[in-house]
Amino acid sequence: MTDGRIETGAGPGTAGEMGHWIAGGPVAGRSGRRAEVFDPATGRVAGHVALASAAEVDAAVAAAAAAFPAWRDASLVKRAQVLFRFRELVDAHRDELAALITAQHGKVRADALGEVARGLEVVEFACGIPHLLKGGYSENVSTGVDSFSIRQPLGVVAGVTPFNFPVMVPMWMFPVAIACGNTFVLKPSERDPAASLLLASLWRRAGLPDGVFNVVQGDRVAVDRLLEHPQVRAVSFVGSTPIARHVYQTGTRHGKRVQALGGAKNHMLVLPDADLDLVADAAVNAGFGSAGERCMAISVVIAVDPAGDELVHKIVQRVAGLVVGPGDDPEAQMGPLVTGAHRDRVAGYLDAALAEGAKLVVDGRETPIRGGTTAAATPGFWLGPTVLDHVRPGTAVHRDEIFGPVLSVVRVPSYEEGLAIINGTEYGNGAAIFTGDGRAARRFHAEVEVGMVGVNVPIPVPMAFYSFGGWKASLFGDTHVHGPDGVHFYTRGKVVTSRWPDQGHGGVNLGFPTNG
Ligand code: NAD
C-alpha cells in the first residue's frame, strides 16, 4: 500500500485496472485483455482486472525462479521472522482486507472478517516452520555410520484460487509454501482480485525479498501456462471439480506435483434424538452463511423419521428472521451472490426442483432486500435463502453442486438410508451428523466417505494445524492443504547416510550395502 491505497499495478491508459505483482512491485497488464469486476450488491461494474498473457506469467515465474536460491538459503529463523511480521501486518489490516472482500465478493463484513481470521491461523501455523521442518537422525545405523532425513523446498510453486475466499484460500497455500523456502506465484480468481494485491504489499512491508511472492491476474490462459511451465514444480488448486480435474491431469502430465481441491455437496444427517433447535440453527448458519457460496456449506439436510416435520418448521421460522442486504450494511446477515450469471444459474434450480417433485417451502426470489424490494426485483445479484422439502435423492437439485443459498431437505426412514445417500454422491468434502447417541456418531465417522466429518458441528473446517481436504471428486491428488500435509506437499525428502572414516575402512566391496 502507498498512502493507504492499494497498489493496483495500474499504468498509463489502464485507469483503475487491477494488475499483477511481480518481483516486489505492481506491474500493469500488457496483454490487452481484461475482465470486468462487479459490485455484487448493485450489479454495477466496479473496475477491471488485467488478464495475463503467457509472457506475463513467464515474467512472474522468472522473478520467482531468480528469488529462489537466496530464499531457500535464508535461515529458518529469518524466514520465521518475516512470517511473524507478515502476521502482524495482516492482523493490523483485517478491516481493509475484509472491506475488499465485501466490495468484490459481496459477503457481509462479519463473514469477511472471519475469512481473514481463518487465513491468519495458517500464517500462525507457518510461523512454527523451524519446528515443522525438523528431520530425523539415527546414530550408528551401521558401525560408525549415521543417517538423517531432511525436507527441502521444491523451487517455484503456484497457487490457483476460487472466488469464494479471496483471502483465506490463498492463505491456505502461500504461508506454508514460503515458510518451507519456496517462491510463489498466485493466480487469484478474476472475480475478486483486489485482496491479493494488498496481501502482496503486506509481504513487501514484512521484509519478504522481492520475487518470493508474485501475483498474476488472469483466466485460463494464465492457469494453463503455469501448468505447463517447466520451472513451476508444484501447483495447488482450489475451485470447481471440472477445473480441478483439468488442473490435476494437465499439471501431472507436465511432471508437476499437484493438489487440486474441487467442488462439494455437503450433507447433514439428523437422527431423531438430536436437539432440533441446535440442528435448525446449524442448518441455517451452514446453509445460508456467505449465501451458500462455501465449499463446506451444508446444502442437504437428511432428516431421519420422524424428525422431518418439526425440523423443517424450525428452519423456516429461523429463515423468516434472516436479514439480507449489502455486505457493508451492518444489519445484513447475508449478502448477494457473486455475479448475475451465477445468481441465474442458482435460481434456475428452483423451478427444476419443483418439476422433480420437491416442495418449495421458502422461495428466495421473494425475500425482501434491505434498501430494495424483493430479491428478484432489486438491482444486484440477489437471491434470498431458499428451502426445498421432500427433495428426492438423485434429482438435479440433490445431485449438483448449486453453490448458492438453497437448502434441500431429504427425508429417510433410517440411518442406513441416510448414509447410503451421502456415500452415493459424487463429492466427498464434508458431512455432519447430529445426534445425542455417541455410538451412532462413532459409527458415522467410521463409515462416511468424506475427508472432513462433523459431530454436532455443521462446518467441520479443520484448524490450520490439521490439513483440509475432501475425498472423491472433491480432491484430485493425495495431499490435503495446510497443516502437516501442506509442509509435506511443498517439500521433498532426502536421507543422508554419512561416515567419517577412521583409520580402518572396508576397502573395495561390490556387495549390496547392509548394516553391520
Ligand atoms: P472455478 O473452478 O470456476 O475457478 C477456480 C480458478 O480456476 C479461478 O482462479 C479461475 O480463474 C480458474 N479457472 C476457471 N476456468 C478455468 C479453466 N477452464 N482452465 C483453467 N483455469 C480455470 O471456481 P470458482 O467458481 O471460482 O469457485 C467456486 C468453486 O470452488 C466451487 O465449486 C467450490 O466448491 C470450490 N471450492 C472448493 C473448495 C475446497 O476446499 N474443496 C474451497 C473453496 C471453493
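As recorded in an unreviewed UniProt entry, the chain goes by the name methylmalonate-semialdehyde dehydrogenase (CoA acylating), listed as coming from Sphaerisporangium rufum.

Draft legend 1. Geometry of the overall build of the chain. When helices and strands are counted, the chain shows 16 helices and 23 strands. For a compact globule of 516 residues, the expected C-alpha radius of gyration is about 24 Å, and the chain comes in at 25 Å, within 12% of that figure. Counting only C-alpha atoms, the chain reaches 85 × 65 × 40 Å along its principal axes. By residue count, 53% of the 516 residues in the chain fall in the buried class. Within the chain, contacts between residues at least 6 apart in sequence are counted, and of these 70% link residues at least 24 apart.

Draft legend 2. Representation of the site of the ligand within the structure. Around the ligand sit 28 residues, and of these P162, G239, S240, G263 and C295 come closest. Elements with a minimum of two residues in the shell around the ligand: α8 (220–228) and α9 (241–253). Looking at the shell around the ligand residue by residue, the classes come out as twelve nonpolar, eleven polar and five charged. In terms of domain composition, the shell around the ligand takes at least three residues from each of domain 1 (17–262 + 474–495) and domain 2 (266–455).

Draft legend 3. Quick look at the nonpolar core. Residues F184, V185, L226, V235 and V247 are the most contacted members of the largest nonpolar core, which totals 94 residues. No other element matches the ten residues that helix α6 (residues 168–179) contributes to this core. Of all hydrophobic cores here, the second largest spans 71 residues; its members include V304, L337, A375 and I433.

Draft legend 4. Quick look at the sheet that holds strand β6 (residues 137–142). Pairing is antiparallel across the open sheet formed by three strands, whose spatial order is β6-β7-β23. Only two strands of the sheet have a single neighbouring strand rather than two, namely β6 and β23 (491–499). This sheet shows a mean twist of 30° between the axes of neighbouring strands, independent of strand direction. In this sheet, strand β7 (residues 145–153) lies alongside β6 in antiparallel orientation, the contact comprising three bridges. Counterpart to Y137 in the pairing with β7 is F148.

Draft legend 5. Region of interest: the confidence of the model for the chain. Overall, the prediction assigns the chain a mean pLDDT of 95, with 96% of residues at 70 or greater. This model gives residues 1–5 a pLDDT under 50, and the stretch forms five contacts once residues within four places in sequence are excluded. Across residues 9–14 the pLDDT falls below 50, and counting only partners more than four positions away or on other chains, this stretch makes 15 contacts in the model. The ipTM for the predicted assembly is 0.99, set against a pTM of 0.96.

Draft legend 6. Quick look at the packing of helix α10 (residues 276–288) against helix α11 (residues 308–320). Where α10 meets α11, the axes come as close as 9 Å, and the angle between the chain directions of the two elements is 50°. By the criterion of interaxial angle, the relationship of α10 to α11 is oblique. The two elements α10 and α11 meet at a crossing, and its hand is right-handed. When α10 is examined against α11, the residues L276, D277, V279, A280, D281, A283 and V284 are found in contact with a partner set consisting of E310, L311, K314, I315, R318 and V319. Classifying every residue of the contact of α10 with α11 gives eight nonpolar, no polar and five charged.

Draft legend 7. Representation of the domain arrangement of the chain in the model. Per the domain assignment, the segments making up the chain are domain 1 (17–262 + 474–495) and domain 2 (266–455). Computed over C-alpha atoms only, the centres of domain 1 and domain 2 are separated by 31 Å. On the side of domain 2, 23 residues touch domain 1, which itself brings 18 residues to the contact. At the level of secondary structure, the elements contributing two or more residues to the side of domain 1 that touches domain 2 comprise α3 (94–105) and α4 (109–126). Split into classes, the residues belonging to the side of domain 1 that touches domain 2 amount to six nonpolar, eight polar and four charged.

Draft legend 8. Region of interest: the environment of M268. Looking at the element boundaries, M268 is found in strand β13 (residues 266–270). Its 29 C-beta neighbours within 10 Å are what place M268 among the buried residues. Excluding anything up to four places from it in sequence, M268 contacts A283, I298, V301, I302, A432, F434 and P458.

Draft legend 9. Structural context of unusual backbone geometry. The omega angle of the peptide bond from D305 to P306 is 5°, so this bond is cis rather than trans. Its place among the elements puts P306 in the loop between β14 (298–304) and α11. Phi angles above zero are rare outside glycine, and H390 is one such case at about 55°. Examined against the element boundaries, H390 turns out to sit in the loop between β16 (386–389) and α13 (396–399). Using a count of 15 C-beta atoms within 10 Å as the deciding quantity, one classes H390 as partly exposed.

How each quantity is defined
Residues numbered from 1 in each chain as written. Predicted model: local features only at pLDDT ≥ 70, side-chain atom pairs only at ≥ 80, totals over all residues. Helix = DSSP H or I, 4+ residues; strand = E, 2+ residues; numbered from the N terminus. Rg over C-alpha atoms; globule rule 2.2 N^0.38 Å. Buried ≥ 20, exposed ≤ 12 C-beta atoms within 10 Å, placed from the backbone. Contact = placed C-beta atoms within 7 Å. Near = placed C-beta within 6 Å. Nonpolar A, V, L, I, M, F, W, Y, C, P; charged D, E, K, R; others polar. Domains from an automatic or database assignment. Core = buried A, V, L, I, M, F, W, Y, C linked by C-beta atoms within 7 Å. Pairing = 2+ DSSP bridges. Axes fitted to C-alpha atoms, helices over the stretch in contact; angles between N-to-C directions. pLDDT = per-residue confidence, 0-100. Parallel < 35°, antiparallel > 145°, perpendicular 65-115°, else oblique. Left-handed = near helix turned anticlockwise from the far one by under 90°.

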